[in-house]
Structures are given as C-alpha cells and as structure tokens.
Amino acid sequence: MNKNQASNTPKPFPLRLILCVILGVAIIANMIMIFSFSSEDGEASGDRSHGVTENIVQVVVPDYDQLPPEKQEEKVEEFHLPIRKLAHFCEFGLLGLLTAAFMNVLGKGKRWLWWVIPAAFCLLYAISDELHQMFTERGPAVTDVLIDFSGSLLGVAVMNLILIFVGHCLRRRKERRSCE
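Now for a quick tour of the structure. (Residues numbered from 1 in each chain as written. Predicted model: local features only at pLDDT ≥ 70, side-chain atom pairs only at ≥ 80, totals over all residues. Heavy atoms only, no water.)

Of regular secondary structure, the protein chain possesses 6 helices and 0 strands. Start at the N end of the protein chain and walk to the C end: the helices and strands fall as α-α-α-α-α-α. Principal-axis analysis of the C-alpha atoms places the extent of the protein chain at approximately 80 × 45 × 35 Å. When the 180 residues of the protein chain are sorted by exposure, 31% land in the buried category. For the protein chain, contacts bridging at least 24 residues in sequence account for 71% of all contacts bridging at least 6. (Helix = DSSP H or I, 4+ residues; strand = E, 2+ residues; numbered from the N terminus. Buried < 20%, exposed > 50% of the residue type's maximum accessible area, 1.4 Å probe, protein only. Contact = heavy atoms within 4.5 Å.)

Given below as structure tokens:
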C-alpha cells in the first residue's frame, strides 16, 4: 500500500466523539421535554399530571376499583402534588445524570469539576425553567427550583458514583491480570 492509498482511507470515529454526540442529543432532548412541559398553561399541566396520578393510584392503592368515585378522587388528590413534584425531581435527575456522563466522556479538567459543572448547569436550567413558567400563567416557585436542583444533584451523584465504581473494578481487574 502506498502513501496515497493509506491517506485516503477514512479514519474511524473515536468512541469518545460518538458518546459525546449521543449524550449531547439526549441532554438536548431532555431539556426540550422539560421546556415543553413548562410551556403548558396551568390547566393543561394539571390535567396531564392528574391523569398520570390517577394511573399510578390505580396501581398502588389496594382495591382502588372497589372504592366509590368520590373516594377514588380523594385518593388521586392526595397523591397528586407528591407525584407532580416527583416528576420534577426525576426529569432533572435525568438531566443531572446525562450531563455528568457527558462531562466524564469529555474527560477534561479535574475530577471535582465533573460534579460541579453538571450541577451548576442543571441549577441554571432549573432557574430558567421557573422563569419560563411566568409566561405560561404559572408562577415561578423557589421550592420547584430546589426540587429540580435536588433531583439533578442526585443524578450527578449517581452517575459519578457509578463511574468511580466501574473505574475501581477496572483497575482491580487490570492489577489481577498484571499479577498473573
């Protein structure tokens, strides 16, 4: 093979670049989902979460179907706010998890930055999400920012702890192989 043939062969994409693109798309998709939910007015948002809550209550409340309709509605209302807040927590938990994974794949900077940058990014997005709700007849709430940020912190922590554990296992495996 001569030099011209070797230089014409395409180089494979590095795995790191592919993972960055996949994670970047996932982060943007998650942010779009959060934005679209926040774009709903209070009535549409309430109707959506009420329907989700009703489905969950049917599964977790024993004999829900045997309850009279007014008791069924009481159970749905009892669970509605916690489930709604849990949804905020989870959607930002996913954002934290994805951004922490993205930072790890980038592999730039000191290890503590892999915790701080995703957390700061998620906090800023949580604040912007609440400010965005001012334009949808829903008011911003500091408690929602705290719930969102808490979810993102859990996501960042889970991802980083998984990566630390995997790194530890890989190092131990490598050490065992080098001793053989």
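That shown, we press on.
A contiguous patch of negative charge, built from Asp41, Glu43, Asp47 and Glu137, is present on the exposed surface. Structurally, glutamate 137 is set in the loop between helix H5 (113-132) and helix H6 (142-179). (Patch = residues over 30% accessible without salt bridge, like charges linked within 9 Å, V, L, I, M, F, W, Y side chains within 5 Å. Areas by Shrake-Rupley, 256 points an atom, 1.4 Å probe, with all protein chains shown as cover. Salt bridge = Lys/Arg side-chain N within 4 Å of Asp/Glu carboxyl O. Lys, Arg positive; Asp, Glu negative; His and termini not counted. Charge placed at Lys NZ, Arg CZ, Asp CG, Glu CD.)

The subject of this paragraph is the pattern of salt bridges. Counting across every chain of the model gives 4 salt bridges. Between arginine 48 and glutamate 40 there is a salt bridge, with its nearest N and O atoms 2.5 Å apart. Classification of glutamate 40 by relative accessible area gives buried; the value is 14%.

Summed over the entire model, instances satisfying the criterion amount to 1 aromatic pair. Seen in terms of ring centroids, phenylalanine 92 and tyrosine 125 are 6.1 Å apart; in terms of plane orientation they differ by 40°. Their pairing is tilted. Taken together, the positions of phenylalanine 92 in helix H4 (residues 69-106) and tyrosine 125 in helix H5 put the pair 33 residues apart, joining distant regions of the chain. Each member of the pair, phenylalanine 92 as well as tyrosine 125, carries the same accessibility label: buried. (Phe/Tyr/Trp six-rings, centres within 6.5 Å; stacked < 30°, edge-to-face > 60°.)

A surface patch of positive charge is lined by Arg172, Arg173, Arg176 and Arg177. Position of arginine 172 relative to the elements: it lies in helix H6. Of the residues examined, arginine 172 reaches a relative accessible area of 44% and is grouped as partly exposed.

Time to look at unusual backbone geometry. The backbone phi angle of aspartate 63 is positive, close to 55°, even though this residue is not glycine. Of note, aspartate 63 is situated in the loop between helix H3 (42-60) and H4. Classification of aspartate 63 as exposed rests on a relative accessible area of 57%.

Let us now look at a nonpolar patch on the surface. On the surface, a cluster of nonpolar side chains totalling about 530 Å² of accessible area is made up of Leu154, Val158, Ile162, Phe165, Val166 and Leu170. With respect to the helices and strands, phenylalanine 165 occurs in helix H6.

What follows deals with the packing of helix H2 (residues 15-39) against H5. Where H2 meets H5, the closest approach of the two axes is 9 Å, and the angle between their N-to-C directions is 25°. Here H5 runs roughly parallel to H2, going by the angle between their axes. Considering the relative orientation of H2 and H5, their crossing is right-handed. For the pair formed by H2 and H5, the contact residues are Ile27, Met31, Ile34, Phe35, Ser38 and Ser39 on the first element and Phe121, Tyr125, Asp129 and His132 on the second. Looking at the contact of H2 with H5 residue by residue, the class counts come to 6 nonpolar, 3 polar and 1 charged. (Axes fitted to C-alpha atoms, helices over the stretch in contact; angles between N-to-C directions. Parallel < 35°, antiparallel > 145°, perpendicular 65-115°, else oblique. Left-handed = near helix turned anticlockwise from the far one by under 90°. Nonpolar A, V, L, I, M, F, W, Y, C, P; charged D, E, K, R; others polar.)

Structurally, proline 140 is set in the loop between H5 and H6. Sequence spacing of proline 140 and glutamate 130 is 10 residues, and the spatial spacing of their C-alpha atoms is 4.6 Å. In contact with proline 140, other than residues within four places in its own chain, are Glu130, Leu131 and Met134.

With 17 residues, the main nonpolar core has Leu23, Ile27, Met31, Ile34, Phe92, Leu95 and Tyr125 as its most contacted residues. If you list the elements that add at least two residues to this core, you get H2, H4, H5 and H6. Those residues in contact with leucine 23, other than ones at most four positions away along the chain, are Leu98, Ala101, Phe102 and Val105. (Core = buried A, V, L, I, M, F, W, Y, C linked by side-chain atoms within 4.5 Å.)

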